[in-house]
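Single-letter residue listing:
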Amino acid sequence: MKNSFQKLNRSFYTRDVLAVAKDLLGKIVVKKDGSKFISGKIVEVEAYDGSVDQAAHTFLGVTKRNKIMFGEGGFLYVYFTYGNHYCCNVVTGKEGSGTAVLIRAVEPISGIDLMIKNRFGRSLLNEKEKFNLTSGPGKVCKAFAITMDHYGIDLTGNEIYFLDSPKIKIKDIVAAKRIGIIKSVDLPWRFYIKDNPYVSKK
DNA sequence: ATCAAGATTACCT
DNA sequence: GGTAATCTTGATA
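If you're wondering where the values come from, they're calculated on a predicted model, not measured in any experiment. (Residues numbered from 1 in each chain as written. Chains lettered and ligands numbered in written order. Predicted model: local features only at pLDDT ≥ 70, side-chain atom pairs only at ≥ 80, totals over all residues. Heavy atoms only, no water.)

Visitor: Kindly report on the protein's contact with DNA strand C, identifying the contributing residues and their values.
Guide: Every residue lining DNA strand C is accounted for by Leu60, Thr63, Arg65, Phe80, Tyr82, Gly83 and Asn84. Each atom of DNA strand C within 4 Å of the protein was assigned to sugar, phosphate or base; sugar and phosphate come to 79%. Between DNA strand C and the protein, one listed contact pairs a base oxygen with a backbone N or O atom of Tyr82 at 2.3 Å. Asn84 is positioned such that a nitrogen or oxygen atom in its side chain is 3.5 Å from a sugar or linking oxygen of DNA strand C. Across the surface near DNA strand C, the residue classes tally to 3 nonpolar, 3 polar and 1 charged. (Near = heavy atom within 4 Å. Polar contact = N/O pair within 3.5 Å; in protein donor to acceptor, adjacent residues only side chain to side chain. Nonpolar A, V, L, I, M, F, W, Y, C, P; charged D, E, K, R; others polar.)

Here's what the structure looks like:
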């Protein structure tokens, strides 16, 4: 297919956060790790929009932590939470929008040995662990070894980037309420690929 | 300076 | 299905 497996450019990210969230499903996230690559297909995301969404980190305005979310789309927003976990987000929209898409789950494609090492510190993997490898936002960051060092990375660069792939059909996308939040709980801004075993929760 | 909450996960019953 | 672990951020004083 003509546009398959080309790096997504700036104009993909500077659109509305909900459009980007849905379009990110099925795309390939790639992280260059020295001479090796870790990659996976995005199967679950959530949209956050500080202008209307009380659950968004940007709802109360600019802070040191959320600064990057108020910039132009196509950069990585990473935050640390619950004393243990990093979560990574794709900043979207025009400058000042304060919007981003949380990457909640991916299906491993390459560098799986590295993911296993990063997640479990060993090489063994049973059938249960296989689907537990990247089925949650904290798990994805751990598997990809994404930390605050990657805060603000330009996604059109060569360290972390996304590859295009055929669009997921509307009938294969499920919209649901977001997970793990207390405010604005009724917004159906969680999107995932129907019947994919790597989705964090049905 | 102090404090509560958090876009989670792993492990328990 | 319930909860402890763990620490940074952001709000309040």
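Picking up where we left off.
Visitor: Explain helix α5 (residues 137–144) to me, using residue names and the numbers behind them.
Guide: The element α5 is extensively covered by neighbouring structure, given that 6 of its 8 residues are classed as buried. For α5, the complete set of buried residues consists of Pro137, Gly138, Val140, Cys141, Ala143 and Phe144. Looking at the packing, one finds that the buried side of α5 touches β1 (28–33), β2 (36–49), β4 (85–92), β5 (99–110) and α3 (112–120). Positive backbone phi, approximately 55°, marks Ala145, located one or two places after α5. (Buried < 20%, exposed > 50% of the residue type's maximum accessible area, 1.4 Å probe, protein only. Helix = DSSP H or I, 4+ residues; strand = E, 2+ residues; numbered from the N terminus. Contact = heavy atoms within 4.5 Å.)

Visitor: So, the protein's contact with DNA strand B: which residues are in play, and what are the values?
Guide: Taken together, 19 residues form the shell around DNA strand B, and within it His57, Tyr79, Asn89, Arg119 and Gly138 come nearest. Backbone atoms, meaning sugar plus phosphate, form 53% of the atoms of DNA strand B positioned within 4 Å of the protein. Counting residues per element, the ones that place at least two in the surface near DNA strand B are β4, β5 and α5. With 3 residues, α5 is the single largest residue contributor to the surface near DNA strand B. Among the residues forming the surface near DNA strand B, the class breakdown is 9 nonpolar, 7 polar and 3 charged.

Visitor: Just give me the short version of the environment of Phe70, but keep the residues and values in it.
Guide: As for its placement among the helices and strands, Phe70 is situated in the loop between β2 and β3 (76–81). The class for Phe70 is buried, based on a relative accessible area of 18%.

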